[in-house]
Amino acid sequence: MTDCGCELEVESDAQRRTLRVVLAINAAMFVVEIIAGVLASSTGLIADSLDMLADASVYAISLYAVGRAANIRRNAATASGVLQLALGFGVLIEAVRRFIGGGEPIGVAMMAMGFIALIANSFCLWLIAKHKGGDVNFRASYIFSANDVIANIGVIVSGLIVKLSGSQIPDLVIGILIAGVVIRGGVKILRMAGSGEEAS
């Protein structure tokens with residue numbers, strides 16, 4: 001039987017559909033969460049919203065790279081890693097600004113928004129897990145989504161501590177930790193892209 005490449009084409013279509021869905025979810029959650037973060041004066045929520053923005057951008061880049069040549073996929077992964085680093089450092093700057101400027105985060109709002117984000121990111125992780133054995137861009141997307149789930153749990157826990165203690169410190173700590181996770185993810189993706197790693 002002639003190898004028409006139909007199987008690869010079907011796989012690429014499935015990957016595109018998945019990326020479109022997770023892109024839409026992350027873009028919508030960025031808007032909702034950054035509004036909630038500003039209204040609740042929460043560094044953790046603002047950090048998580050910027051993480052959503054980073055992920056939406058990464059998914060858009062990955063969507064462009066699906067089905068293209070290996071060097072284009074590696075370049076796309078490199079762009080994703082650089083973007084993660086930039087937004088991670090942006091979150092750190094925001095955390096410092098909030099620490100200096102003060103403000104009292106609203107613990108209940110942090111927990112509620114963190115729970116909504118956790119549901120959204122868990123769904124994205126479930127979708128992407130179906131393709132995580134693919135090229136470097138899909139493995140990058142899996143790493144980002146897994147990190148998001150961890151960050152959401154952190155926001156919920158810090159929201160509870162803020163509510164019980166009345167201190168802004170837990171919120172600042174989770175914001176800095178999320179920034180660290182984002183930066184670490186960016187570095188990992190850059191290493192994967194630099195090594196020319198493809199399917200595992």
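Cut-off values and rules
- Residues numbered from 1 in each chain as written.
- Predicted model: local features only at pLDDT ≥ 70, side-chain atom pairs only at ≥ 80, totals over all residues.
- Heavy atoms only, no water.
- UniProt positions renumbered as here; feature names shortened; annotations may be inferred.
- Helix = DSSP H or I, 4+ residues; strand = E, 2+ residues; numbered from the N terminus.
- Contact = heavy atoms within 4.5 Å.
- Phe/Tyr/Trp six-rings, centres within 6.5 Å; stacked < 30°, edge-to-face > 60°.
- Lys NZ or Arg CZ within 6 Å of the ring centre and 35° of its normal.
- Core = buried A, V, L, I, M, F, W, Y, C linked by side-chain atoms within 4.5 Å.
- Buried < 20%, exposed > 50% of the residue type's maximum accessible area, 1.4 Å probe, protein only.

As annotated in an unreviewed UniProt entry, the protein carries the name Cadmium, cobalt and zinc/H(+)-K(+) antiporter and comes from Stieleria marina. The record held by UniProt for the protein lists under Subcellular location (unreviewed entry) the comment "Membrane".

Time to look at the side chain of asparagine 152. Mapped onto the secondary structure, asparagine 152 falls in helix H5 (residues 136–165). With near-sequence residues (within four places) excluded, asparagine 152 lies in contact with Asp48, Gly114, Ala117, Leu118 and Asn121.

In this section: the packing of aromatic side chains. Enumeration over the complete set of coordinates arrives at one aromatic pair. In this structure, lysine 130 is placed above the aromatic ring of tryptophan 126, and the distance from its NZ or CZ to the ring centre is 4.0 Å.

This next bit is on the environment of alanine 47. Relative to the helices and strands, alanine 47 is located in helix H2 (residues 43–65). Dropping the residues within four chain positions of it, alanine 47 is found in contact with Val91, Gly175 and Ile178.

Most peptide bonds adopt trans geometry, and most residues besides glycine take a negative phi value. If you check the backbone angles, serine 41 has positive phi at about 55° while not being a glycine. Mapped onto the elements of the fold, serine 41 is located in the loop between helix H1 (6–39) and H2.

Turning our eyes to something else, we now look at the nonpolar core. Formed by 21 residues in total, the largest nonpolar core has its most connected members in Met29, Leu45, Val155 and Ile178. Taken together, the elements giving at least two residues each to this core come down to H1, H2, helix H4 (107–129), H5 and helix H6 (169–194). Looking at this core element by element, the count peaks at five residues for H2. Those residues within four positions of leucine 45 in sequence are excluded, and the remaining contacts are Glu33, Ala36, Gly37, Ala40, Ala109, Met110, Met113, Gly114, Val155 and Asp171.

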